[in-house]
Amino acid sequence: MLSGKLLRGISRLGASCRPHFLKKLARGCCSGEDMSSKYILPNNQPFSRLDCDVAFGGLTSKQKLYAHHIAQASWKGSLIVLLQTSPESPLAFVLLHRVFRQQTCDELKAVALEKCGFTEDDWKAFLVYSSSIYSDMGNYRDFGDTKKVPGVAQEKFAALVRASRAYETDSKAMERLLDGCLARLYTLNDSVAQLGLGDKGVTTYFSANCTEEDAEKVKQYMKHKNLEPYNNRLFKTVVNGVNHYEIRLASVLSDSDPALTSGPEEFQGAKFSVTRGDYSPLLAMVVEELKEARYIGFIETYRDPTGMRAEWEGFAAMVNGPMSEKFGRLVNAAETILPRLPWPETYEKDRFLKPDFTSLDVLAFAGSGVPAGINIPNYDEIRQEEGFKNVSLGNVIMAAYSAAVLPFLGTEDAELMRQYRTQAFEVQVGLHELFGHGSGKLFQKDKDGKLNYDAAVVKHTETNEPISSCYSPGETYDSMFTDLGSSYEECRAECVGLYLSLEEDVMDIFSVAESLRPTLVYVNWLSLLYNGLAKALEMYSTETKKFMQAHSRARYVILRVLLEHGEGVVDIKEVKDADGKPDLLMTVDKEKIYTSGKKAIGDFLRKLQVYKATADVPAARAMFDHYSEVPESGPHPFANWIPIILEKKQPRRFLVQAHTELKGEDVALHQYEPSAEGLIQSFVARFPDPVIEDRLLELHQKDAAHFP
């Protein structure tokens, strides 16, 4: 791994020279392609505008006002993500926001080129990096969790800040911000290269002195107290050799009121306190915007190293009528489609609680990233007893799948993907969210010992023996499966999508012409397997031997399952490209999808469900870890293919979102150009009030002692 000092030396080179110099480094500590593509964003970073003009224009004045306030609440709450990512993220955001808030991009460019020694490439690198701090809400990628390092020299970065109007206005405050974050932004070593717990990376869900042993001890305490982990963080102090754990809950109300706190309480040789008031100043702004904000809060657990604590997420969107009608038909057909899943009826929920399933066009999605679909809530006990809600984000799908370059595919397959991938993905998202995340029973025992299944009747599908494990009181899927949980559940949902996409009546529901159905099925399977190769291995860390993103690991596992058990349904070969360089070619057998492919996915999917239902974490982990291996030898030496994949890597798109502005009783919609400048302008318009910066700094300072 490159040291911070060496990286700063690299960043002094212009963008055109940097790749050449990095190739020389390949003989040393790491490959140039690995270094540049993993940690430095390319100057040709793609951007897409998230169009919502038509959908927003169709709202009434009252609906526009409601959408505006939900969007504002979402965005103001999204600043919490900065505090959930890294110690330097809030400081970097405030530093850059003050710079861009007081000068336009054109004005700053003139200063950079004329006074700070920037080249055009340097300026572009500075813009792209700055836009990524806004887009990902921090200096770690939202998809992959690896660190992003500026592609411009540290000295030039600092020089531009010091030459800015913001610095001229308040040099002492800006200098403190530089001192607090600049060196951290450029440092790159094993302990900060990715998000992780303890010596495995960076996290602010736990204080810097926490280890996996601490996390496990607190997990046991929370189970004992029946506390959910979604909206808290953990801070450890040591007093007279005794560990004190503060479990701090997110709330507007703070621990200044003794009635809102509990502890300290002794448990397993340590002391525990539960306090309130985390992110209080930011949550107060959310509450100011609206009294009732649906879908807003602490939702996804992907970035917590233990897979339990959730990141802030909020969005405002408008209904897409025609697609929502199709999803409604899918919901209505659920009771006839669910029994076709490859597990016995006893492993399915006692009754299917029909959810609301809607296609939406996003007005604002505030968090570290924007998904294509959502199934909420993430509380399995609520899904089991009360039901759930599904949404598909139509304009996100359109923007995300506009890529034209598709390496590792033959000409015909690449063209089919460009033509039908979006339509196929709409089907996959519907099946993934509704029947993937919405299916399957959890076997549970209540506090009185009563089981929610008939132990005399239900057998383990793989052993034909009675069920020997289940969820005890206080245990949830997330608390049991921890760091495995997100990838495992996403894999299960993706498999459900592949499996059910073969059903004719599913294609009827989505109004797919009969002549097009085989093509759409083929493209759906091809697209997922392609992501399991081309996109998933981009997210694999050769240093830690782990995937840095849940969906990526899930799709790679599916690829490995079909390579091992699909009897030739998919194959990958190493070839040469037009320039004679190493390349890969993926092929999928259209006919075998319906035979050996379906059987392999069905057998694997059944095991995924059975191990989840019975809380059999050891069996689940052994199976999933096996298919997660990235071998260096054999017919598919993926570890040796990673440099080929990184060489042809296509950057993940940044989405430039709209901004709404109150003008009297009316709401104006502002759209921005799909560029780094446009993304930055949207955030400057979104957060014009310096008070927001002050509140972020106040919260950062409160936690600073825990992250030396």
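Conventions adopted
Residues numbered from 1 in each chain as written. Predicted model: local features only at pLDDT ≥ 70, side-chain atom pairs only at ≥ 80, totals over all residues. Heavy atoms only, no water. UniProt positions renumbered as here; feature names shortened; annotations may be inferred. Helix = DSSP H or I, 4+ residues; strand = E, 2+ residues; numbered from the N terminus. Buried < 20%, exposed > 50% of the residue type's maximum accessible area, 1.4 Å probe, protein only. Contact = heavy atoms within 4.5 Å. Pairing = 2+ DSSP bridges. Axes fitted to C-alpha atoms, helices over the stretch in contact; angles between N-to-C directions. Parallel < 35°, antiparallel > 145°, perpendicular 65-115°, else oblique. Left-handed = near helix turned anticlockwise from the far one by under 90°. Nonpolar A, V, L, I, M, F, W, Y, C, P; charged D, E, K, R; others polar. Phe/Tyr/Trp six-rings, centres within 6.5 Å; stacked < 30°, edge-to-face > 60°. Lys NZ or Arg CZ within 6 Å of the ring centre and 35° of its normal. Salt bridge = Lys/Arg side-chain N within 4 Å of Asp/Glu carboxyl O.

As annotated in an unreviewed UniProt entry, the protein carries the name Dipeptidyl peptidase 3 and is attributed to Amphibalanus amphitrite. Recorded in UniProt for the protein, the comment headed Subcellular location (unreviewed entry) runs: "Cytoplasm". Regarding the protein, the UniProt comment filed under Catalytic activity (unreviewed entry) reads as follows: "Release of an N-terminal dipeptide from a peptide comprising four or more residues, with broad specificity. Also acts on dipeptidyl 2-naphthylamides."

Any chance you could break down the side chain of Glu 494 for me, citing the residues and the numbers?
As for its position among the elements, Glu 494 is in helix α20 (residues 477-500). In this structure Glu 494 comes out as buried when scored by relative accessible area, which is 4%. Leave out the neighbours within four places in its chain, and Glu 494 touches Gln 428, His 432, Leu 528, Arg 555 and Ile 558.

Hey, could you go over the pairing of strand β14 (residues 582-588) for me, with residue numbers and the actual values?
Both strand β13 (residues 570-576) and β14 contribute to a ladder of seven bridges, which runs antiparallel. Bridge pairing links Val 570 to Val 588 in β14. Between β13 and β14, which follow one another and run antiparallel, lie five residues, and Gly 580 among them has a positive phi close to 80°.

Would you mind going over the packing of helix α7 (residues 89-102) against helix α9 (residues 120-136) in detail, with residue names and values included?
Close contact between α7 and α9 brings their axes to 10 Å; oriented N to C, the two are set at 120°. In terms of axis orientation, α7 runs oblique to α9. As α7 packs across α9, the resulting crossing turns out to be left-handed. Where α7 approaches α9, its residues Phe 93, Leu 96, His 97 and Phe 100 are matched on the opposing element by Phe 126, Leu 127, Ser 130, Ile 133 and Tyr 134. Of the residues in the contact of α7 with α9, the class split is seven nonpolar, two polar and no charged.

Help me get a handle on the sheet that holds strand β4 (residues 262-267), residues and values and all.
Read across the sheet, four strands follow the order β2-β3-β5-β4 without closing on themselves; strand pairing throughout is mixed. Each edge of the open sheet is held by one strand with a lone partner, namely β2 (232-239) and β4. Strand-to-strand twist across the sheet, computed as the mean angle between neighbouring axes with direction ignored, equals 25°. With seven bridges connecting them, strand β3 (residues 242-250) and strand β5 (residues 270-278) associate as parallel partners. Of the residues in β5, the one forming a bridge with Ile 247 is Val 274.

Quick rundown of the UniProt feature "active site" (unreviewed entry) in the protein? Include the residues and the values.
Cross-referencing UniProt, the feature "active site" (unreviewed entry) maps to Glu 433 in the present numbering. Examined against the element boundaries, Glu 433 turns out to sit in helix α19 (residues 411-436).

Could you give an account of unusual backbone geometry, naming the residues involved and the relevant values?
Even without glycine at this site, Met 137 takes up a positive phi of about 55°. Tracing the sequence through the fold places Met 137 in the loop between α9 and α10 (154-162). Note on Met 137: relative accessible area 0%, which makes it buried. At Phe 408, a residue that is not glycine, the phi angle is positive and equals roughly 75°. Locating Phe 408 in the fold gives a position in the loop between α18 (394-400) and α19. On the basis of relative accessibility, which here comes to 4%, the residue Phe 408 falls in the buried class.

Give a detailed account of the environment of Thr 422, specifying residues and quantitative values.
Looking at where Thr 422 falls in the secondary structure, it is placed in helix α19. It is 20 Å that separates the C-alpha atoms of Thr 422 and Ile 558, two residues lying 136 residues apart in sequence. Those residues within four positions of Thr 422 in sequence are excluded, and the remaining contacts are Ile 397, Met 398 and Tyr 401.

Describe the packing of aromatic side chains, and please don't skip the residues or the numbers.
Applying the stated criterion across every chain, the model contains 28 aromatic pairs. Ring plane angle 80° and centroid distance 5.6 Å describe the contact between Phe 604 and Tyr 627, whose orientation is recorded as edge-to-face. Pair noted here: Phe 604 is in helix α24 (residues 596-613) and Tyr 627 is in helix α25 (residues 617-628), with a separation of 23 residues, a long-range link. Accessibility assignment for this pair places Phe 604 and Tyr 627 in one class, buried. Linked through ring pairs, Phe 100, Phe 118, Trp 123, Phe 126, Phe 157 and Tyr 186 together constitute an aromatic cluster. For the cation-ring pair, Lys 598 lies above Tyr 499, with the distance from its terminal atom to the ring centre recorded as 5.4 Å. Above the ring of Trp 75, the side-chain terminus of Arg 686 is found at 4.0 Å from the ring centroid.

Lay out the packing of α20 against helix α22 (residues 517-535) in plain terms, naming residues and giving numbers.
Relative to each other, α20 and α22 sit at 155°, their axes nearing to 9 Å. As summarised for this structure, α20 and α22 are arranged roughly antiparallel, according to the angle between their axes. In terms of crossing hand, the pair formed by α20 and α22 is left-handed. Residues Glu 494, Gly 497 and Leu 498 of α20 lie in contact with α22, whose contacting residues are Asn 524, Trp 525 and Leu 528.

Describe the pattern of salt bridges, and please don't skip the residues or the numbers.
What the rule picks out here adds up to 41 salt bridges. Residues Arg 303 and Asp 145 are paired through a salt bridge, measuring 3.2 Å at the closest nitrogen-oxygen approach. Of the two residues, Arg 303 is situated in the loop between β6 (297-300) and β7 (311-319) and Asp 145 in the loop between α9 and α10; the sequence distance between them amounts to 158 residues. Note on Asp 145: relative accessible area 9%, which makes it buried. Between Asp 603 and Lys 599 there is a salt bridge, and its shortest N-O distance comes to 2.7 Å. Here Asp 603 and its partner Lys 599 are both found in helix α24, four residues apart, which amounts to about one turn of the helix. By sharing partners, the salt bridges in this structure join Arg 233, Glu 246, Arg 248, Asp 278 and Asp 703 into a single network.

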